[in-house]
Amino acid sequence: MPSYTAPIKDFQFVLHDVLHLEKLTNLPGFQDASRDVVDAVLEEGGKFMSEVLAPLNQVGDREGCHWDNGVVTTPKGFKEAYARYREAGWGGLTCDPEYGGQGLPHVLGFAMAEMQSSANMAFAMYPGLTHGAYEALHRYGTEEQKRTYLPKMVSGEWTGTMNLTEPHCGTDLGLMRTKAEPQDDGSYRITGTKIFISAGEHDLAENIIHLVLAKIPGGPEGIKGVSLFVVPKFLVNPDGSLGERNGVSCGSIEHKMGIHGNSTCVLNYDNAKGWLVGQKHKGMQAMFVMMNAARLGVGIQGLAQAEVAYQNALTYANDRLQGRSITGTKNPDKPADPIIVHPDIRRMLMTIKAFTEGARALALWTGMEIDFAQSHPDEDKRQESDDLVAFLTPMIKAYMTDFGYQCTTMAQQVYGGHGYIAEWGMEQFVRDARIAMIYEGANGIQALDLVGRKLPTGIGRLARRFFHPVANFIQDNMTDPAIGKDFVMPLAKAFARLQTATATISERGLKNPDEAGAASWDYLNLFALVALGFMWARMAQVAKQKLAEGAEDKDFLESKLITARFFMDRMLPDTAAQLAKIQAGAESMMLLKAANF
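Along every chain, residues carry numbers that run from 1 in the direction the sequence is written. Only residues with pLDDT of 70 or above have their local features reported here, since the model is predicted, and side-chain atom pairs are shown and tallied only from 80 upward, although totals for entire chains, interfaces and linings are computed over all residues. Heavy atoms throughout the structure, all of them, feed into the side-chain values; hydrogens and water do not.

Q: I tried to follow the overall build of the protein chain on my own but got confused; where do I start?
A: Helix and strand assignments come from DSSP, with helices taken as H or I runs of at least 4 residues and strands as E runs of at least 2, each series counted from the N terminus. When helices and strands are counted, the protein chain shows 17 helices and eleven strands. This radius of gyration counts C-alpha atoms alone. The globule rule is 2.2 Å times how many residues there are, raised to the power 0.38. In terms of C-alpha radius of gyration, the protein chain reaches 24 Å, essentially the compact-globule figure of 25 Å for 597 residues. Of all intrachain contacts in the protein chain linking residues separated by at least 6 positions in sequence, the fraction that spans at least 24 positions is 73%. Accessible surface computed for the protein chain: about 25,000 Å², of which carbon and sulfur atoms make up 51%. Every residue pair with non-hydrogen atoms within 4.5 Å of one another is taken to be in contact. Each accessible area value is a Shrake-Rupley result obtained with a 1.4 Å probe; residue values ignore everything except the protein chains displayed when judging cover.

Q: What exactly am I supposed to notice about the layout of surface pockets here?
A: To locate leftover empty space, one rolls a probe as large as a water molecule over the atoms. By volume, the second largest pocket is sized at about 440 Å³. The greatest single-element share of the lining of the second largest pocket, amounting to six residues, is contributed by helix α6 (residues 143-155). Computed over the protein atoms alone on a 1 Å grid, cavities are sets of points where a 1.4 Å probe fits but cannot get out and pockets are open sets with protein on both sides within 12 Å along at least five of seven lines; a residue lines them when it has an atom within 4 Å of a point. Grid points are joined across faces, edges and corners, and a volume is the space filled by probe spheres set on the points.

Q: How do you make sense of the packing of helix α11 (residues 443-454) against helix α14 (residues 513-548) when you look at a structure like this?
A: Between two packed helices, what matters for the description is the angle formed by their axes and the separation of those axes. Working convention: axes come from line fits to C-alpha atoms, limited for helices to the stretch in contact. Angles between N-to-C directions cover 0 to 180 degrees. Relative to each other, α11 and α14 sit at 95°, their axes nearing to 8 Å. What the angle tells us is that α11 and α14 run roughly perpendicular. Here N443, Q446, A447, L448, L450 and V451 of α11 lie close against α14, whose contacting residues are A516, G517, S520, W521, Y523, L524 and F527. Under the scheme applied here, ten amino acids are nonpolar (Ala, Val, Leu, Ile, Met, Phe, Trp, Tyr, Cys and Pro), four are charged (Asp, Glu, Lys and Arg), and all others, including Gly, are polar. In terms of residue class, the contact of α11 with α14 is made up of nine nonpolar, four polar and no charged. Our angle categories are set so that under 35 degrees counts as roughly parallel, over 145 as roughly antiparallel, 65 to 115 as roughly perpendicular, and the remainder as oblique.

Q: I tried to follow a nonpolar patch on the surface on my own but got confused; where do I start?
A: A cluster of nonpolar side chains, namely Y420, I421 and W424, defines an oily patch on the protein surface of about 350 Å² accessible area. One can find W424 in the loop between α9 (379-414) and α10 (426-435). For W424, a relative accessible area of 30% gives the class partly exposed. Patch criteria: residues need more than 30% relative accessible area and no salt bridge. Like-charged residues are merged within 9 Å; nonpolar side chains of Val, Leu, Ile, Met, Phe, Trp and Tyr are merged within 5 Å. The term salt bridge refers to a pairing of a side-chain nitrogen on Lys or Arg with a carboxyl oxygen on Asp or Glu at a separation within 4 Å. We call a residue buried when its accessible area falls under 20% of the maximum for its residue type, exposed when it is over 50%, and partly exposed in between, using a 1.4 Å probe and counting protein chains only.

Q: What should I look at first to understand the packing of aromatic side chains in this one?
A: Describing an aromatic ring pair means giving the distance of the ring centres and the angle of the ring planes. Classification of ring pairs rests on two measures: the distance between centres of Phe, Tyr or Trp rings, Trp counted by its six-membered ring, which must be within 6.5 Å, and the angle between planes, read as stacked under 30 degrees, edge-to-face over 60 and tilted in between. What the rule picks out here adds up to 23 aromatic pairs. One aromatic cluster in this structure is built from W365, F391, F466, F467, F473, F495, F527 and F534. Here the basic side chain of R245 rests over the ring of F234, its NZ or CZ set 5.5 Å away from the ring centre. Positioned above the aromatic ring of W365, the side-chain terminus of R538 is 5.6 Å from the ring centre. Cation placement over rings: the criterion is NZ of Lys or CZ of Arg within 6 Å of the ring centroid and within 35° of the ring normal.

Q: Quick question: what am I supposed to make of the nonpolar core here?
A: General note: in soluble globular proteins, nonpolar side chains tend to be found buried as a group. Within the largest apolar cluster, 156 residues are counted, with the highest numbers of intra-cluster contacts made by W365, M395, F466 and Y523. Beyond its immediate sequence surroundings of up to four residues, M395 is in contact with L362, M400, L524, F527, A528 and A531. Here, nonpolar core refers to any group of buried Ala, Val, Leu, Ile, Met, Phe, Trp, Tyr and Cys residues whose side-chain atoms link them within 4.5 Å.

Q: Sorry, what's going on with empty space enclosed by the protein here?
A: Counting across every chain of the model gives three cavities of 30 Å³ or more. Lining the largest cavity we find M1, P2, S3, Y4, A54, N57, Q58, S118, A119, V308 and F429. Taken together, the elements giving at least two residues each to the lining of the largest cavity come down to α3 (57-63) and α5 (106-140). A class-by-class count of the residues in the lining of the largest cavity yields seven nonpolar, four polar and no charged.

Q: What exactly am I supposed to notice about the pairing of strand β5 (residues 188-198) here?
A: Across a regular strand the side chains alternate sides, sitting on one face of the sheet and then on the other. Note on pairing: DSSP must find at least two bridges between two strands before they are called paired. As paired strands, strand β4 (residues 179-182) and β5 are joined by four bridges and run antiparallel to one another. From the neighbouring strand, E181 faces β5, where its bridge partner is R189. The antiparallel hairpin formed by β4 and β5 contains five residues in its connecting segment, where G186 sits at a positive phi of about 90°. Bridge count between β5 and strand β11 (residues 264-277): eight bridges; the pairing is antiparallel. The residue bridging T193 from the neighbouring strand is N268, located in β11.

Q: Would you take a moment to explain the pattern of salt bridges for this structure?
A: Any two side chains of opposite charge can pair, so long as their charged atoms come close to each other. Within this structure, the stated rule accounts for 27 salt bridges. Here D10 ties to K560 by a salt bridge, and the two come within 2.5 Å at their closest N and O atoms. Here K560 lies in helix α15 (residues 554-571) and D10 lies in helix α1 (residues 8-18), a separation of 550 residues in the sequence. Judged by its relative accessible area of 5%, D10 falls in the buried class. Since its relative accessible area comes to 2%, K560 is described here as buried. We note a salt bridge from K454 to D449, for which the minimum N-O separation is 3.0 Å. Accessibility expressed as a relative area gives 16% for K454, which makes it buried. Of the residues examined, D449 reaches a relative accessible area of 9% and is grouped as buried. Residues joined in a network through salt bridges with shared partners are D10, E114, E307, K353, E357, R360 and K560.

Q: How should I be thinking about helix α4 (residues 78-88) in this particular structure?
A: The α-helix winds at 3.6 residues per turn, so residues separated by three or four positions along the chain end up facing the same way. Looking only at α4, the buried set comprises F78, A81, Y82 and Y85. End-on, the buried residues of α4 take up no more than an arc of 100°, which puts them together on one face. Away from the buried face of α4 by more than 90 degrees, exposed residues E80 and E87 are located. Summarising the contacts, the buried residues of α4 are in contact with α2 (35-53), α3, α5 and β3 (158-163). Directions from the helix axis toward the C-beta atoms define the arc.

Put into structure tokens, the structure is as follows:
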């Protein structure tokens, strides 16, 4: 049976030594984030995830959710685990204290999200979707809506969902048919069908608050006519108690490749009562609050599955005896050496390790920038951070899920034939990780969003928010004898390729949009490797400094430096191939007639 141990030391290294979280306690949102508090949350959270949620991961996969005439039952143990999760207050960690939350920084919430998804991705989606719905209501809901729904959602007594997709439309939401008829009392009657609704119906909470996209008759055509509505499963009485069942029901649940422990529902709305959230015909503005939060959360899911797969593959590689080292016997007292001595096993393990630790640092940096964007006292800094997060979001969602999935398959490969057998748990990590590349905007859509929307915004303003700190770091540290040659120089070369690719796409894309579209996936991956390289160079700098100061955790810090070198030597050079593909242009991709494929 696979296991999971939260990488607390690595979280602490990034949060305290790289991001210097304790130095921010004078800023709004960080007042309570002292080192002691952060460490206590990490340690207790990690303990809960590994001891309570992880043992249910295979249970949820084997049993799945059950549908019976509209009623959905979650796997054995999920309901009890959710009650413990709610009682511990984990769902309200970063929520507004006005509604019962603890008000801790989002960056700490990102760490918690990774641990939850590593331990049990299917379970983590229930509170995860709730948090996204909370964010949308917190920003765009009326005061009455906030008072009605948020305290119960923060406490976990009620959960939340987001309802976008319909049977005939996915990404192109302008085609949706769900309609919202205005009523005399200010409410709306919602009618239509939504599919692929994660956590849409279950037995964990007494009410489910659905946020639903629908069209008000007579509104503008397409996406400009979409509005957002809050539609509770049970109507809420004026005193806060639950009233009658609303006109929303679960028609079925999907039979899926993975995440069996989460209910993926078809929801039928039959004159359900709902209330407008935000402005009429501005639903996408409010929904994007949920979607952007969800996209970052899904990116972390990719990282999380890679991490738990790595942990188990590493244990197996140290235990499994097979063959002898090609440089001579390493384990003479036994009939064979452990497979970790073999270069190809190390190639896979080192690749996963370099990805997870670099991606974790990138995710936490992004989480900190979200905190700055929401509450930094300097307006210019808020805008800069908001721009940076907007630019990073499609890359984090797409790259972390795509490469995270590759990492789960590499970890499975370490097991050989045993990796294909269910009892070892590795094939579940592969299956669970696969969905993250698809939902919340398929990864190809994320690449198009990066190149087609984010890159041109403000004549490159968003891109400059990332380019400037990287360029400044390179300039400041290029001649540093400690990190210049091994870490800054490789980053500088990759960054130059990213700049060249950006100029190429900008120039060619203006003449022929297919050029930008054809280059989008390679550009996203090139960008991601530079971003990870930036984080690895920063971590190497800190590790060098701490070693020079005589830090006690020498093995940990030296491992950081070795892993950083592996990334620079073996992964960052892929940027050269990506640039070559971008420069090759769109012609060979677009030339073949559809009938000849």
